[in-house]
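Close look at the chain arrangement
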Amino acid sequence: AAAAAPPPPLPAGCTSVKEVPQGLELALECYCSASARQTRVKAVSARSIGMEVKAKDSEANKPLCEYLGETLAGDGCAKLRCEVVRGERAPVKVILLVEISRD
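Residues numbered from 1 in each chain as written. Predicted model: local features only at pLDDT ≥ 70, side-chain atom pairs only at ≥ 80, totals over all residues. Heavy atoms only, no water.

A few points about the confidence of the model for the protein
In this model, the protein carries a mean pLDDT of 84, and residues with pLDDT of at least 70 account for 83%. Mean pLDDT per element in the protein: strand β6 (residues 92-102) is the minimum at 84, and strand β4 (residues 49-53) is the maximum at 93. (pLDDT = per-residue confidence, 0-100. Helix = DSSP H or I, 4+ residues; strand = E, 2+ residues; numbered from the N terminus.)

Here it is as structure tokens:
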């Protein structure tokens, strides 16, 4: 099977998504609510990605990482590890996504 084409470069000045040696870092602004209908992306700008997370503030990281891992893995052929690298208890977070396997 042919290898996938590399992704296009990010636009100049974009800091919401950064390629780092370990994978991708996402700069997020999270709005948490236990009454939200679902976890979802609300907005994307050059500086951050706005997320609505269906969870209490203190419990947002797990559902946030699950959502990102499942959504960004695509058709299920890749497995992603997601970890909060900055902002563990804050609404502004930096998330690291690392591909750990490909089926």
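A few points about the packing of aromatic side chains
As enumerated under the stated definition, the model contains 0 aromatic pairs in all. Above the ring of Tyr31, the side-chain terminus of Lys42 is found at 5.6 Å from the ring centroid. (Phe/Tyr/Trp six-rings, centres within 6.5 Å; stacked < 30°, edge-to-face > 60°. Lys NZ or Arg CZ within 6 Å of the ring centre and 35° of its normal.)

Some thoughts on the side chain of Asn61
The residue Asn61 is located in helix α1 (residues 61-72) in this model. A distance of 2.8 Å separates a polar side-chain atom of Asn61 from the backbone oxygen of Glu88. Once residues within four sequence positions are removed from consideration, Asn61 is found in contact with Val84, Glu88 and Lys93. (Polar contact = N/O pair within 3.5 Å; in protein donor to acceptor, adjacent residues only side chain to side chain. Contact = heavy atoms within 4.5 Å.)

Here we look at the pattern of salt bridges
A complete count under the given rule lists 2 salt bridges for this structure. Residue Arg40 is joined to Glu52 by a salt bridge in which the shortest nitrogen-to-oxygen separation is 2.7 Å. Remark: Glu52 occurs in strand β4 and Arg40 occurs in strand β3 (residues 40-44); sequence separation between them is 12 residues. Classification of Arg40 by relative accessible area gives partly exposed; the value is 33%. Glu83 is the partner of Arg81 in a salt bridge, and the nearest nitrogen-oxygen pair spans 2.2 Å. Arg81 gets classed as partly exposed once you look at its relative accessible area, which sits at 35%. (Salt bridge = Lys/Arg side-chain N within 4 Å of Asp/Glu carboxyl O. Buried < 20%, exposed > 50% of the residue type's maximum accessible area, 1.4 Å probe, protein only.)

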